[in-house]
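# Overview (structure and organization)
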Amino acid sequence: MRKKRPVKILTLDTETEGFAGNLKRIAVYDGKKVTYGYTFLDIEPTLIYWYEQGFSVHCYIHNIEFDARFIPEIFDRDRINWNLTKLINGKYAVIACAYYTFHDSARLLGFQSLENLSKDFEVNHEKMDLLTAVNNRDNGKWESLEDYFINCDKDDPIYLEYLGLDVISLYEVLYKFMDLTGILEKDLVSKMSTASVAKFIFKKGFQGHEFITDGQTKTDYEIMTSFKGWAGKKDTKYGITYEEMEKKLRLSYMGGRTEVFIPRLEGHGRHYDINSMYPCVMLKEFPVGSPAYY
């Protein structure tokens, strides 16, 4: 059997000529060194290096949909692996290439800014207040960040420091996230969203501690996923029917993002919320139009 490669995590970020301009600089961080470039081809050797060292290379980008537009080389036929590339709601979550894979860290950490994440996670290298830094140096020359991003020198030391802090802080946030949740690198790279991480923790336990209700031999996850035939009148081993069990679960359901949909069904039936996959109440119990129905 072929030996599985250990995981190597890196972080990548791009800077553009203004918020709608072309690529200006790019950087990748491997946990020890920031490598800067002007194009993706300048920093790709770092990714290839870790692959050649025997690692499975996974590179995180915060909001991959934005940055991927400025590194079109990754979609070249000799690089891209469409079979392993994943989308969520029509947007990239994972972009798989021949020797490395890109992941969207925003889908794991929530669509917050990197600045807020670095503060919330209290990492060692927080995102820089760039506009204040360059105006202190340049006597208030810059009217806005947009002005600076468009007109600054590509090799401005503060500009490069800002870019470097971005990839370092993201790297530190990811590892603090793993420390807090107890999830390992090899498991993290197989998860595409906060929902998949939450399910994994519920199934495997939090930092090695399984979720088991007092008096039960199975974990809460095993019990939650063991029931069949929800509309059945047959008794479960817990002394209530499947139908009664379902009603109890409905009463306990809290949180999660659910949207408001008005299904068009003739007669009686069920419909499923496409986001949470949680079944709504039966139409015969709550008629269309009643507050409880929605």
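Here is what the cut-offs are and how they apply
- Residues numbered from 1 in each chain as written.
- Predicted model: local features only at pLDDT ≥ 70, side-chain atom pairs only at ≥ 80, totals over all residues.
- Heavy atoms only, no water.
- Pairing = 2+ DSSP bridges.
- Helix = DSSP H or I, 4+ residues; strand = E, 2+ residues; numbered from the N terminus.
- Buried < 20%, exposed > 50% of the residue type's maximum accessible area, 1.4 Å probe, protein only.
- Lys, Arg positive; Asp, Glu negative; His and termini not counted.
- Salt bridge = Lys/Arg side-chain N within 4 Å of Asp/Glu carboxyl O.
- Polar contact = N/O pair within 3.5 Å; in protein donor to acceptor, adjacent residues only side chain to side chain.
- Contact = heavy atoms within 4.5 Å.
- Axes fitted to C-alpha atoms, helices over the stretch in contact; angles between N-to-C directions.
- pLDDT = per-residue confidence, 0-100.

### Some details on the pairing of strand 6 (residues 91-96)
Across 3 bridges, the pairing between strand 5 (residues 86-88) and strand 6 is antiparallel. Of the residues in strand 6, the one forming a bridge with L87 is Y92. Between the antiparallel neighbours strand 5 and strand 6 lie 2 residues, among them N89 with a positive phi of about 50°. In terms of strand pairing, strand 6 meets strand 7 (residues 101-104) through 3 bridges, oriented antiparallel. Bridge assignment links I95 to a residue of strand 7, and that residue is F102. Between the end of strand 6 and the start of strand 7, which pair antiparallel, lie 4 residues.

### Quick notes on the side chain of K24
By the secondary structure assignment, K24 is in strand 2 (residues 23-29). For the buried K24, no salt bridge is present, and the opposite-charge side chain at shortest range is E17, 5.6 Å distant. Looking at K24, its side chain comes within polar contact range of the main-chain oxygen of F149, at 2.8 Å. Of the polar contacts made by the side chain of K24, one reaches the backbone oxygen of C152; its length is 2.7 Å. Every residue in contact with K24, bar those within four places of it in the chain, is listed here: E15, T16, E17, Y38, Y148, F149, I150, N151, C152, K154 and Y159.

### Structural notes on the sheet that holds strand 7
If you walk across this open sheet you meet the 7 strands as 3-2-1-4-7-6-5, and the pairing is mixed. The sheet is open, and its two borders are formed by strand 3 (34-37) and strand 5, each paired with just one other strand. For this sheet, the mean angle separating the axes of adjacent strands, direction not counted, is 25°. Each of strand 1 (7-16), strand 2, strand 3 and strand 4 (56-61) is contacted by helix 7 (residues 157-181), which is oriented at about 145° to strand 1, the strand it contacts most.

### Structural notes on the environment of E172
Examined against the element boundaries, E172 turns out to sit in helix 7. Taking the C-alpha atoms as reference points, E172 and E126, 46 residues apart in sequence, are found 9.4 Å from one another. With sequence-adjacent residues up to four places away left out, E172 is seen in contact with V123, N124 and H125. Side chain to side chain, E172 and H125 meet in a polar contact 2.7 Å long.

### Section: the confidence of the model for the chain
It should be kept in mind that the predicted coordinates are not to be read in detail where pLDDT is low. When the pLDDT values of the chain are averaged, the result is 84; 83% of them are 70 or greater. No element of the chain has a lower mean pLDDT than helix 11 (residues 242-252), at 77, and none a higher one than strand 4, at 98. Here residues 277-294 scores under 50 on pLDDT; set against residues more than four positions off or in separate chains, the count is 35 contacts.

### Concerning unusual backbone geometry
The backbone phi angle of N63 is positive, close to 75°, even though this residue is not glycine. We note that E122 has phi near 50°; this positive angle belongs to a residue other than glycine. Inspection of the secondary structure assignment puts E122 in the loop between helix 4 (114-120) and helix 5 (130-137). Relative accessible area serves as the criterion here: at 59%, E122 is assigned to the exposed category.

### Focus on the environment of D147
Inspection of the secondary structure assignment puts D147 in helix 6 (residues 145-151). Residue contacts for D147: discarding those within four places in its chain leaves K141 and W142. Within the local environment of D147, its side chain forms a polar contact with the side chain of N151, the two groups lying 2.8 Å apart.

### With respect to the pairing of strand 7
Every second residue of strand 7 is oriented toward a common face, with T101 and H103 on one face and F102 and D104 on the other, all of them buried. Here strand 4 pairs with strand 7 via 4 bridges, running parallel. In the sheet register, H58 faces strand 7, and the bridge partner there is T101.

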